[in-house]
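Residue strings, one per chain:
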Amino acid sequence: MSVTTLDSRTALVVIDLQRGIVALPTAHPADEVVARSARLAAAFRKAGLPVVLVNVTGGAPGRTDGGPAASRAFPEGWTELVDELDRQPSDITVSKQQWGAFYGTGLDLELRRRGVTQIVLCGISTSIGVESTARDAYEHGYNVTVATDAVTDMDAAAHDRAVTTIFPRLGETGAAADILALLPA
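This structure is a prediction, so every number in the text was calculated from the model and none was measured.

Draft legend 1. Highlighting the packing of helix α4 (residues 126-139) against helix α5 (residues 156-170). One can describe the packing of α4 onto α5 by two numbers: an axis separation of 10 Å at closest approach and a directional angle of 5°. The angle between α4 and α5 places the two elements in the roughly parallel class. Between α4 and α5, the residues in contact are Thr126, Ser127, Val130, Glu131, Ala134, Arg135 and Tyr138 and Ala158, His159, Ala162, Val163, Ile166, Phe167, Arg169 and Leu170, respectively. Residues belonging to the contact of α4 with α5 are distributed by class as follows: nine nonpolar, three polar and three charged.

Draft legend 2. Structural detail: unusual backbone geometry. In this structure, Ser125 follows Ile124 across a cis peptide bond, with omega equal to 5°. Structurally, the position occupied by Ser125 is in the loop between β4 (118-124) and α4. Although it is not a glycine, Asp16 adopts a positive phi angle of roughly 55°. Located in the positive-phi region is Asp86, a residue other than glycine, with phi close to 50°. Tracing the backbone shows Asp86 in the loop between β2 (51-56) and β3 (92-96).

How each quantity is defined
- Residues numbered from 1 in each chain as written.
- Predicted model: local features only at pLDDT ≥ 70, side-chain atom pairs only at ≥ 80, totals over all residues.
- Heavy atoms only, no water.
- Axes fitted to C-alpha atoms, helices over the stretch in contact; angles between N-to-C directions.
- Helix = DSSP H or I, 4+ residues; strand = E, 2+ residues; numbered from the N terminus.
- Parallel < 35°, antiparallel > 145°, perpendicular 65-115°, else oblique.
- Contact = heavy atoms within 4.5 Å.
- Nonpolar A, V, L, I, M, F, W, Y, C, P; charged D, E, K, R; others polar.

The structure is reproduced here in structure tokens:
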């Protein structure tokens, strides 16, 4: 399904467009994802709709084959949001310790206080932070839309699976330009 509409109280949620993650090798050019996400953020602000900027500052505890994420130390500046997002005082900022932006944060409360019923997602990485947030948003009862050309992943196959198999089960998908066209002037 392609994106058909935006609720009158839709928020943009930008996942992990921070210096350390944007610098990683990705399946699609990260600078294009950042540019499309920045255009979405500017348009949402102009329409008077909430913009949520999310970064990851730690990891969940627990044993994994990849090692404990919670004990990882990030280099200086790694968690800082990229300048292209043009962070504004009206933006909601969320720092998370897990993959998804809802668990262990005040995101749901911030959105509900503003009457938000739908979220548009963009960012990196498609199969981890974006997908986890999309799943949680769906389970919280939000309408979910993913800007499919404003997301990417370190793994092309994981990105493709999320875009073609997972996201259509959680909501609607569309290009950033399609979403921009639905915003009020």
